[in-house]
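Coordinate analysis (summary)
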Amino acid sequence: MSVRRLAPDHVQPASFAFDSANENWADQQIAKYPQGRQASAVIPLLWKAQEQHDGWVPRAAIEAVARKLGMAPMRVMEIATFYTMFNLQPVGEHFVQLCGTTPCALRGAEALKKVCEDVIGPQSTVTADGKLSWLEVECLGACCNAPMAQINFDYYEDLTPENFKALLEDLRHGRPTKPGPQNGRTGSEPFGGGETLKDPALYDGSVIGAGDWQKRIAEQRKAAAEAAAAKAAAAEEAKKAEATPAAVGSKPATETAAAGRPKPSTPAQPSGAAQDTPAAAGKVTKAAVTESAKPAAAAPAVAESKPELLTAARGGKGDDLGLIWGVGPKLATMLNEMGVWHFDQIANWKAEELAWVDARLTGFKGRATRDDWISQAKKLATGWRPESAVGEKPVK
């Protein structure tokens with residue numbers, strides 16, 4: 001990259017300040033960034049300063065931007081001299097940036113440079129009338145239409161020495177010009193017009209079928225919408241039916257659950273108190289006890305036997321069952337609803353009583369056996385307490 005320097009002192013203005021409209025615009029740009037990050041707006045502010053100052057950035061503008069953003073002037077200088085989008089020298093009213101990269105060079109950019117030198121003068125020279133100046137730049141991204149030049153904000157493409165010279169004269173004398181290709185083609189189409197997608201059948205509907213194709217497509221869309229609505233209605237009905245509980249009487253959920261649906265003791269079933277266990281202050285009928293002692297639909301490996309349960313905690317206060325490893329607040333509440341309040345109750349369970357409780361731990365089936373609650377409860381019943389509030393994991 002060539003060295004970029006500020007313009008000589010004799011062309012530098014004594015001062016620079018944004019006009020009221022640009023000052024307001026600059027404040028809006030700065031407001032986009034959080035407090036302490038105002039320097040992020042330096043490029044837009046430099047661009048607006050260049051736009052206001054006849055297309056180039058003087059030293060006074062760099063210093064004004066630095067003051068507004070609370071930056072060291074050298075930091076703003078580094079940005080202005082690095083990015084070639086900022087002109088550091090005066091430019092003409094019509095600033096010609098001529099692409100000299102390989103595609104344009106292969107298509108005649110060297111001849112266009114000669115035109116610039118003849119009509120305007122050396123690079124960075126401004127004509128005496130202030131109308132024109134030029135600079136050779138790197139690729140501007142219009143290679144299909146090479147050679148080309150950017151003049152102010154417009155692209156002029158497919159240039160030849162003849163039409164380029166005429167273009168510069170039109171700009172100098174204020175005559176209207178037409179940006180884009182200068183050889184009559186549209187965009188990047190082949191010269192003379194496009195050669196593809198020219199068959200009228202592509203646009204009259206005949207390619208997608210004879211007859212009233214618009215009506216047919218409308219009917220297809222309507223049928224698809226009706227099918228989707230019917231499917232959604234069926235799904236909603238199925239959801240309502242699933243949410244409606246069956247008449248279960250006094251039987252436990254394990255015996256009344258519909259076939260194919262998750263049993264209460266599986267994780268897929270919503271958690272809650274087992275239906276065949278007494279509430280904290282409730283009373284169990286003989287029929288309910290008989291039903292609750294029945295095994296689940298899938299017979300367990302160990303026979304079940306209902307343990308001794310309480311209708312309420314002794315003395316009005318139960319033990320902290322959360323000290324048993326694996327028993328969280330949800331399981332503690334579930335055990336209380338069954339009628340289990342104290343460590344000695346659990347310590348006295350036999351294998352078949354443990355199996356009975358385990359089968360009714362809704363959403364936690366198998367937890368009591370896996371974490372050996374009986375052994376833990378025996379230690380806790382003696383008065384021993386673990387260091388952790390969540391218990392001590394049993395060693396197997």
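The rules we used
Residues numbered from 1 in each chain as written. Predicted model: local features only at pLDDT ≥ 70, side-chain atom pairs only at ≥ 80, totals over all residues. Heavy atoms only, no water. Helix = DSSP H or I, 4+ residues; strand = E, 2+ residues; numbered from the N terminus. Buried < 20%, exposed > 50% of the residue type's maximum accessible area, 1.4 Å probe, protein only. Contact = heavy atoms within 4.5 Å. Areas by Shrake-Rupley, 256 points an atom, 1.4 Å probe, with all protein chains shown as cover. Phe/Tyr/Trp six-rings, centres within 6.5 Å; stacked < 30°, edge-to-face > 60°. Lys NZ or Arg CZ within 6 Å of the ring centre and 35° of its normal. Core = buried A, V, L, I, M, F, W, Y, C linked by side-chain atoms within 4.5 Å. Salt bridge = Lys/Arg side-chain N within 4 Å of Asp/Glu carboxyl O. Pairing = 2+ DSSP bridges. Axes fitted to C-alpha atoms, helices over the stretch in contact; angles between N-to-C directions. Left-handed = near helix turned anticlockwise from the far one by under 90°. Nonpolar A, V, L, I, M, F, W, Y, C, P; charged D, E, K, R; others polar. Lys, Arg positive; Asp, Glu negative; His and termini not counted. pLDDT = per-residue confidence, 0-100. Disulfide = S-S within 2.5 Å.

As for the overall build of the protein chain
Looking only at helices and strands, one finds 15 helices and 5 strands in the protein chain. Taking all 396 residues of the protein chain together, 34% fall into the buried category. Sequence-distant contacts in the protein chain: of pairs separated by 6 or more residues, those separated by 24 or more amount to 66%. Of the roughly 23,300 Å² that the protein chain leaves accessible, carbon and sulfur atoms contribute 56%.

Looking at the packing of aromatic side chains
In total, this model carries 4 aromatic pairs according to the counting rule given. A ring pair is formed by Phe82 and Tyr83, whose centres lie 4.9 Å apart and whose planes are at 90°; its orientation type is edge-to-face. A residue is classified by how much of its surface remains accessible, and Phe82, at 48% relative accessible area, is partly exposed. Look at Tyr83 and you get partly exposed, because its relative accessible area is 34%. Taken together, the ring pairs in this structure connect Trp47, Phe86 and Phe153 into an aromatic cluster. A cation over a ring is seen here: Lys48 above Trp25, with NZ or CZ 4.6 Å from the ring centre. One residue, Lys379, lies across the ring of Trp384, its end atom 4.0 Å from the ring centre.

Brief notes about the nonpolar core
Within the largest apolar cluster, 25 residues are counted, with the highest numbers of intra-cluster contacts made by Val42, Leu45, Leu46, Ile62, Val65, Leu69 and Val76. Of all the elements in the fold, those that place two or more residues in this core are helix H1 (20-30), helix H2 (42-52), helix H3 (59-69) and helix H4 (73-82). When sequence neighbours within four positions are dropped, the list of residues in contact with Val76 reads Val42, Leu46, Ile62, Val65, Ala66 and Met71. Counting 24 residues, the second-largest nonpolar core is a separate cluster that includes Met334, Met338, Trp349 and Ile374.

Here we look at the pattern of salt bridges
Across all of its chains, the model carries 18 salt bridges by this definition. Among the salt bridges present, the one from Glu23 reaches Lys68, with a minimum N-O distance of 2.5 Å. With Glu23 in helix H1 and Lys68 in helix H3, this residue pair connects regions lying 45 residues apart in the sequence. A network of salt bridges, in which partner residues are shared, links Glu23, Asp27 and Lys68.

Some points on the sheet that holds strand S3 (residues 149-151)
Spatially, the 5 strands line up as an open sheet ordered S2-S1-S3-S4-S5, and their pairing is mixed. Two strands bound the open sheet, and with one partner strand each, they are strand S2 (132-137) and strand S5 (180-181). With 6 bridges connecting them, strand S1 (residues 94-99) and S2 associate as parallel partners. Across the sheet, the residue bridging to Leu98 is Glu136, located in S2.

Quick notes on the environment of Pro190
When you line up the elements, Pro190 lands in the loop between S5 and helix H8 (213-243). Taking C-alpha positions, Pro190 is 9.7 Å from Cys144, a pair spaced 46 residues apart along the chain.

Some remarks on the packing of helix H6 (residues 109-119) against helix H7 (residues 161-172)
Where H6 contacts H7, the two axes come as close as 9 Å, and the packing angle between them is 35°. The handedness of the crossing between H6 and H7 comes out as right-handed. Counted together, Ala111, Leu112, Val115, Cys116 and Val119 of H6 and Pro161, Phe164, Lys165, Leu168, Glu169 and Arg172 of H7 form the full contact between these two elements. Partitioned by chemical class, the residues of the contact of H6 with H7 number 8 nonpolar, no polar and 3 charged.

Here's the deal with the pairing of S1
Among the 6 residues that make up S1, 6 are buried, leaving the element largely enclosed by the rest of the structure. Side chains of S1 alternate between two faces, with His94, Val96 and Leu98 and Phe95, Gln97 and Cys99 buried alike. Relative to S3, S1 runs antiparallel, the two sharing 3 bridges. Bridge pairing in S3 places Gln97 opposite Gln150.

Thoughts on the side chain of Asp358
Within the secondary structure, Asp358 sits in helix H13 (residues 351-359). Buried charge Asp358 goes without a salt bridge, the closest partner of opposite sign being Arg370 at 7.5 Å. Those residues in contact with Asp358, other than ones at most four positions away along the chain, are Phe364, Lys365, Gly366, Arg367, Ala368 and Thr369.

Regarding the environment of Leu46
Here Leu46 shows up in helix H2. Separated by 15 residues in the primary sequence, Leu46 and Ala61 have C-alpha atoms spaced 7.7 Å apart. Setting aside its immediate chain neighbours within four residues, Leu46 contacts Val57, Ile62, Val65, Val76, Ile79, Ala80 and Phe86.

Some remarks on the confidence of the model for the protein chain
Fine structural detail should not be taken from predicted coordinates in areas where pLDDT scores are low. Predicted confidence across the protein chain gives a mean pLDDT of 84, with 83% of residues reaching 70 or more. A low-confidence stretch, residues 247-263 (pLDDT under 50), is modelled with 23 contacts involving residues beyond four sequence positions or located in other chains. Below pLDDT 50 for its whole length, residues 265-290 participates in 50 contacts with residues either more than four positions away or in separate chains.

Quick look at the state of the cysteines
Evaluated as defined, the whole model comprises 0 disulfides. Cys99 forms no disulfide, and the closest cysteine sulfur to it belongs to Cys104, at a distance of 3.6 Å. Free of any disulfide, Cys144 has its nearest cysteine sulfur in Cys143, 7.0 Å distant. For Cys144, a relative accessible area of 59% corresponds to the exposed category.

Let's talk about the side chain of His53
Tracing the backbone through its elements, the reader meets His53 in the loop between H2 and H3. Residue contacts for His53: discarding those within four places in its chain leaves Pro13, Phe16 and Pro58.

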